[in-house]
Amino acid sequence: MKLGIVGLPNVGKSTLFNSLTKAGAESANYPFCTIDPNVGVVAVPDERLQLLTDLYHSAKTTPAVIEFVDIAGLVKGASKGEGLGNQFLANIREVDAIVHVVRCFEDSNVVHVDGSVDPVRDIETINLELIFSDLEILERRISKTARAARNDKAQAKELQLLEKLKAHLEDEKLAITYEPADEEEEAWLSEYNLLTAKPVIFAANVAEGDLADDGASSSYVQAVRDYAASSGSEVFVICAQIEQEIAELEDDEKQMFLEDLGLKESGLEKLIRASYSLLGLLSYLTAGETETRAWTIKKGTKAPQAAGKIHSDFERGFIRAEVVNYRDLLDCGSSAAAKEKGLVRLEGKDYVVQDGDVILFRFNV
């Protein structure tokens, strides 16, 4: 999973990025983590992995990972060359979702680029810049497609879609709210990689005092929640400053620190939960002496396609899946004991994989 972080300058965006990417203790072991100072790869916290590792005495434990891409703060007019933001927008065209950091705190020491705190205004400023950036993409595509459309029915149909999308965006509507007329339009739409077609998670960055009640008493947070509800987006409340302090601590200290603040989970855990919910994701597990590992897939994925996440040969030569729920496996103490109790099931190609399934795939190529 790849998430792009956007926001105005001075909203706590880079503080959040730095704390999130530092929070992943194993991030240095993954590719991409040093490609660019604005890219960080973080392990997804999953207590099931350690429990299974202990059960199997696995030589290696591999969590699912999230790649974060942080770009320079966007300002009004970024699409016209103001500030640094627009030149970095290309870096987040490939992400699965956008994390939009919104300032929901007052602090006279931290200047707001527009002079006052107004979360909805700030969200709309960013949205407008993303719309302008998408319009540039569409205009280039229209210019290219118009030439070919004279002698090609498919190109002519695509040109109609491009014109409709352009009008939709010029109306200050996001591409994600455009309803494709058919599967062909849907395929083209995903091909364009429009920023405003991506799902959004709002990170409401609050002062420490608003953290314990999850921003319930903050009118700023409520404004973000209302906006998110109207656009089908997710919201999570964080204090980027606190996240930075948490990132400096050892695991056992983190839990004590969170409890002292009256919190059940860190901002990273909140973000992961919101991301999985928004994108419809789940994790299944593989476990053994060699490795225990988490694999992220879309809800509704069938067994052969889930096997394909491990290797294309697994999908191509899929025979069956041996499936047990991780909790049943741990309660039984071993795979053999779970089999004796009839808790290990043999599933075929139509089985829809569930969160927490521990799977052994049988295949033949």
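Residues numbered from 1 in each chain as written. Predicted model: local features only at pLDDT ≥ 70, side-chain atom pairs only at ≥ 80, totals over all residues. Heavy atoms only, no water.

### Overview of the pairing of strand β8 (residues 281–286)
Working step 1: Most of β8 sits inside the fold, with 6 of its 6 residues counted as buried.
Working step 2: Where β8 meets strand β9 (residues 292–298), 6 bridges bridge the pair, whose relative direction is antiparallel. Directly across from Ser-283, in β9, lies its bridge partner Thr-296. (Buried < 20%, exposed > 50% of the residue type's maximum accessible area, 1.4 Å probe, protein only. Helix = DSSP H or I, 4+ residues; strand = E, 2+ residues; numbered from the N terminus. Pairing = 2+ DSSP bridges.)

### Considerations on the pattern of salt bridges
Close approach of charged atoms lets side chains of opposite charge pair.
Working step 1: Enumeration over the complete set of coordinates arrives at 23 salt bridges.
Working step 2: A salt bridge links Arg-225 to Asp-214; the nearest nitrogen and oxygen atoms lie 3.2 Å apart. Highlighted residues: Arg-225 in helix α6 (residues 219–231) and Asp-214 in the loop between β6 (200–205) and α6, separated in sequence by 11 residues.
Working step 3: The partly exposed category is assigned to Arg-225, whose relative accessible area is 25%.
Working step 4: Close ionic contact of Glu-347 with Arg-345 constitutes a salt bridge, the shortest N to O distance being 2.9 Å.
Working step 5: Take Glu-347: its relative accessible area is 19%, and that puts it in the buried class.
Working step 6: We classify Arg-345 as partly exposed; its relative accessible area is 31%. (Salt bridge = Lys/Arg side-chain N within 4 Å of Asp/Glu carboxyl O.)

### Overview of the nonpolar core
Working step 1: Of all hydrophobic cores here, the largest spans 72 residues; its most connected members are Phe-68, Ile-92, Phe-202 and Leu-271.
Working step 2: Of the residues forming this core, the biggest block, 7 residues, is contributed by helix α9 (residues 267–279).
Working step 3: When near neighbours in sequence (up to four residues on either side) are disregarded, Leu-271 contacts Leu-3, Leu-20, Phe-68, Val-99, Ile-201 and Phe-236.
Working step 4: Counting 17 residues, the second-largest nonpolar core is a separate cluster that includes Leu-159, Leu-165, Tyr-178 and Trp-188. (Core = buried A, V, L, I, M, F, W, Y, C linked by side-chain atoms within 4.5 Å. Contact = heavy atoms within 4.5 Å.)

### Description of the side chain of Thr-196
Working step 1: Along the chain, Thr-196 turns up in the loop between α5 (183–192) and β6.
Working step 2: Here Thr-196 falls in the buried class, since its relative accessible area comes to 4%.

### A closer look at the pairing of strand β1 (residues 2–6)
The side chains of a regular strand alternate between both faces of the sheet.
Working step 1: Most of β1 is tucked away: 4 of the 5 residues are buried.
Working step 2: Both β1 and strand β5 (residues 97–103) contribute to a ladder of 4 bridges, which runs parallel. Each bridged residue has a counterpart across the sheet, and for Ile-5 the counterpart in β5 is Val-99.

### Section: the environment of Lys-298
Working step 1: In this fold, Lys-298 is placed in strand β9.
Working step 2: Taking the C-alpha atoms as reference, Lys-298 lies 16 Å from Ile-359; in sequence the two are 61 residues apart.
Working step 3: Excluding anything up to four places from it in sequence, Lys-298 contacts Leu-279, Gly-280 and Leu-281.
Working step 4: At 3.0 Å, the side chain of Lys-298 forms a polar contact with the backbone oxygen of Leu-279. (Polar contact = N/O pair within 3.5 Å; in protein donor to acceptor, adjacent residues only side chain to side chain.)

### Regarding the environment of Glu-136
Working step 1: Here Glu-136 lies in helix α3 (residues 119–149).
Working step 2: Each C-alpha atom of the pair Glu-136 and Ile-126 lies 16 Å from the other, and the pair is 10 residues apart in sequence.

### Some points on the packing of helix α4 (residues 153–170) against α5
Working step 1: In the contact formed by α4 and α5, the axes pass within 11 Å of each other and the chain directions differ by 65 degrees. Of the possible angle classes, the one that applies to α4 and α5 is roughly perpendicular. Read as a crossing pair, α4 and α5 show a hand that is right-handed. Residues Ala-154, Lys-157, Glu-158, Leu-161, Leu-162, Lys-164 and Leu-165 of α4 form the contact with α5, whose participating residues are Glu-184, Glu-185, Trp-188, Leu-189 and Tyr-192.
Working step 2: Split into classes, the residues belonging to the contact of α4 with α5 amount to 7 nonpolar, no polar and 5 charged. (Axes fitted to C-alpha atoms, helices over the stretch in contact; angles between N-to-C directions. Parallel < 35°, antiparallel > 145°, perpendicular 65-115°, else oblique. Left-handed = near helix turned anticlockwise from the far one by under 90°. Nonpolar A, V, L, I, M, F, W, Y, C, P; charged D, E, K, R; others polar.)

### What to know about the environment of Lys-166
Working step 1: Assignment of secondary structure puts Lys-166 in helix α4.
Working step 2: Residues Lys-166 and Ala-247, spaced 81 residues apart in sequence, show a C-alpha to C-alpha distance of 43 Å.
Working step 3: Excluding anything up to four places from it in sequence, Lys-166 contacts Leu-135, Leu-138, Glu-139 and Ile-142.

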